[in-house]
Amino acid sequence: MCGVYGVMLPPAATQEAAQLAALGLFALQHRGQESAGVAVSDGEQLMLYKDLGLISSVLDERRLPSLRGRLAIAHCRYSTTGSTVWENAQPTFRLGPRRAIAIGHNGNLVNTRELLTRLHGGRARLLASTDTELLTALLADDPAADLVDALRSVLPTVRGAYSLVVLDERRVIGVRDPFGFRPLVLGRLPAGTVGAGSAASAAPGLWGDDPSVGWVLSSETAGLDILGADYVRDVEPGEILILEAGREPRSVRFADAKPALCVFELIYFARPDSYMEGRNLYEARRKMGMELAREHPVEADFVMPVPDTGAPAAAGFAEASGLLYREGMVRNRYTGRTFIQPSQAMRQRGVTIKLNPLREVVRDRRLVVVDDSIVRGTTTRQIVGLLRRAGAREVHVRISAPPIYHPCFYGIDTQVETELIAATQTVEEICRFIGADSLGYLSIQGVLAALELSYEQFCFACFDGRYPEPVPYDAAQHKYLLEEGRTAPDDAAGAVRNPVLAGGPTSGR
Ligand code: SF4
């Protein structure tokens, strides 16, 4: 997943773009919890701060005030290529022969090995082991005179999923791959919300004819709300959207759009208060729950969600089935991945650390438990076990998505088919494995009926194996492809721990 964010403030605003970008990023924390970072430009040089950990611990008030400038990008990471180490945190940064750039990337590239060969014949030394680092190097080292020309030259060679925020000394640029696998939206910060000097300006038209207006890019519309920015539109698949001080946003295409938005964004990944394809995601998920109740009705005492993400679909299931809606488990919101990852033993405790059943509610009851997905099956098995130990009489599991049969190569870390329980077991076998009394999945048709949108708009590949483009053999790479035979980091690439300070006018390099 990953969350990306960008801010461009007008010349009259205070130099607080990094603070605003960090604030906006808070709305995207659910998209990645491994690391966070922000890169800022004061018009002459780039400065970057990043570290492992949650946004609140990385981008705090001790660090942000020193990151001054009116252009900023920010990123929170969920890894699909490369280990969780400091070097792989984003934004990436590279000082190339023609330009200094920083990039935040949501998605996953599928021709990484081929791109590596293109970069100085495979002899390039990279500071980090991510596909984003590789893309950053390709763009920073491209001979084109201007960054936009470099993007137009490099991006058609890049395959896979990428929603990008790119920063150079004077621009914030949003990019979406031709399929638009991952979302990216443009918002407008009204005059008066962007610091001293801007409040006197009259409200402008939508497209920034007033230079006091600021602009925002965000993975999700929830990231606009947090800054009071108005949604303007989605960045189009195959589009480069350039935000520059004193100018209205400028659009350049590098490929025709072949829309295939990840349907899992609507089912589960994105926040329920976000909007995609004109749909509020809480409402979309509630309707998926209603379809699920129609497809897999069951007699029970009440419907309960697996908190928190199963809640909208559970509400819809209850509404359509006429059953009561109750909360049967409490989620501990303060256990991050950090505590759960270190050892196998800790991982196995994951569910009990996160979820606790309400014994008085579930004891002796027949439950419909609604969740949004089953990947390996182990988490669902633990949840069913917890509810049974708490005294539940029957546990009927309902999933508001189809079974996941195929791996995702576009930004979700399920790259190995054997890790997917539905790829090797029937629904009846999965039901037995998780220990439920019954199990039902929503069909693809049910998802589409709830969304009232057409199949052609989306990627459904993990459910039906119809990838929007042929997946290169390379894509079956393991996650640590770029860590094979690693060499020492290249000093010229800026192998300096925080803060990385570099840049200056690109002319003369
Ligand atoms: S394969 Fe599945 S998770 Fe991956 S982009 Fe397509 S729908 Fe989304």
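Just so we're clear, the structure is a prediction, and the values are computed from it rather than from any experiment.

Okay, the overall build of the protein chain next. Of the regular secondary structure elements, the protein chain holds 18 helices and 25 strands. Considering only intrachain contacts with a sequence separation of at least 6, the fraction spanning at least 24 residues in the protein chain is 73%.

Let us look at the packing of helix α8 (residues 281-295) against helix α9 (residues 311-321). Across the interface, α8 lies against α9 with an axial gap of 6 Å and an inter-helix angle of 45°. In terms of their interaxial angle, α8 and α9 are classed as oblique. As for how α8 packs across α9, the hand of that crossing is right-handed. Contacts from Tyr 282, Arg 285, Arg 286, Lys 287, Met 288, Gly 289, Met 290, Leu 292, Ala 293 and Arg 294 of α8 reach α9 at Pro 312, Ala 313, Ala 314, Ala 315, Gly 316, Phe 317, Glu 319, Ala 320 and Ser 321.

Next up on the list: helix α1 (residues 17-26). The buried fraction of α1 amounts to 8 of the 10 residues, a majority that puts the element mostly inside the structure. Check the buried side of α1 and you find it contacts β1 (3-8), β2 (35-41), α2 (55-58), β4 (71-77), β10 (214-218) and α6 (222-225).

Quick look at the site of the ligand now. In the neighbourhood of the ligand, the contacting residues comprise Phe 181, Cys 262, Val 263, Phe 264, Cys 408, Tyr 410, Ile 412, Cys 459, Phe 460, Ala 461 and Cys 462. Elements represented by at least two residues in the shell around the ligand include exactly α7 (263-269) and α18 (461-464). Residues belonging to the shell around the ligand are distributed by class as follows: 11 nonpolar, no polar and no charged.

With that out of the way, let us pick up the confidence of the model for the protein chain. This prediction gives the protein chain a mean pLDDT of 87; 85% of its residues lie at or above 70. Ignoring residues within four places in sequence, the model shows residues 196-209, a span with pLDDT below 50, making 30 contacts including any to other chains. Per-residue pLDDT stays below 50 along residues 486-509; that stretch engages in 44 contacts with residues further than four places along the chain or on separate chains.

A word on the sheet that holds strand β7 (residues 163-167). With antiparallel pairing, the 6 strands of this open sheet are ordered in space as β5-β6-β7-β8-β12-β13. Each end of this open sheet is capped by a strand with a single partner; those strands are β5 (92-95) and β13 (250-253). Going across the sheet, the axis of each strand differs from the next one's by a mean of 20°, ignoring polarity. The sheet contacts of helix α4 (residues 131-141) involve β5 and β6 (100-106), and relative to β6 the element is tilted by about 145°. Helix α5 (residues 147-154) contacts β6, β8 (171-176), β12 (239-244) and β13 of the sheet and is inclined by roughly 170° relative to β12.

Cut-offs applied
As a convention, each chain's residues are numbered from 1 in the sequence order in which they are written. With the structure being a predicted model, the display of local features is reserved for residues of pLDDT at least 70 and the display and counting of side-chain atom pairs for 80 or more, all residues being used for whole-chain, interface and lining totals. Elements are defined by DSSP. Helices are runs of H or I of four residues or more, strands are runs of E of two residues or more, and each kind is numbered from the N terminus. By the criterion used throughout, residues are in contact when their C-beta atoms, derived from the backbone, lie within 7 Å. Orientation is described by axes fitted as lines to C-alpha atoms, over the contacting stretch for helices, and by angles from 0 to 180 degrees between their N-to-C directions. Small angles under 35 degrees read as roughly parallel and large ones over 145 as roughly antiparallel, with 65 to 115 read as roughly perpendicular and the rest as oblique. The handedness criterion is simple: a crossing whose near helix is rotated anticlockwise from the far helix by less than a right angle is left-handed, and one whose near helix is rotated clockwise is right-handed. Comment: burial labels come from other C-beta atoms within 10 Å of the residue's own C-beta, placed from the backbone, where a count of 20 or more is buried, 12 or fewer is exposed, and between is partly exposed. Being near a molecule or strand means, for a residue, that its backbone-placed C-beta atom lies within 6 Å of it. Gly falls in the polar group here, along with every residue not listed as nonpolar (Ala, Val, Leu, Ile, Met, Phe, Trp, Tyr, Cys, Pro) or charged (Asp, Glu, Lys, Arg). The predictor attaches a confidence to each residue, called pLDDT, with possible values from 0 through 100. Any two strands between which DSSP finds at least two bridges are classified as paired.

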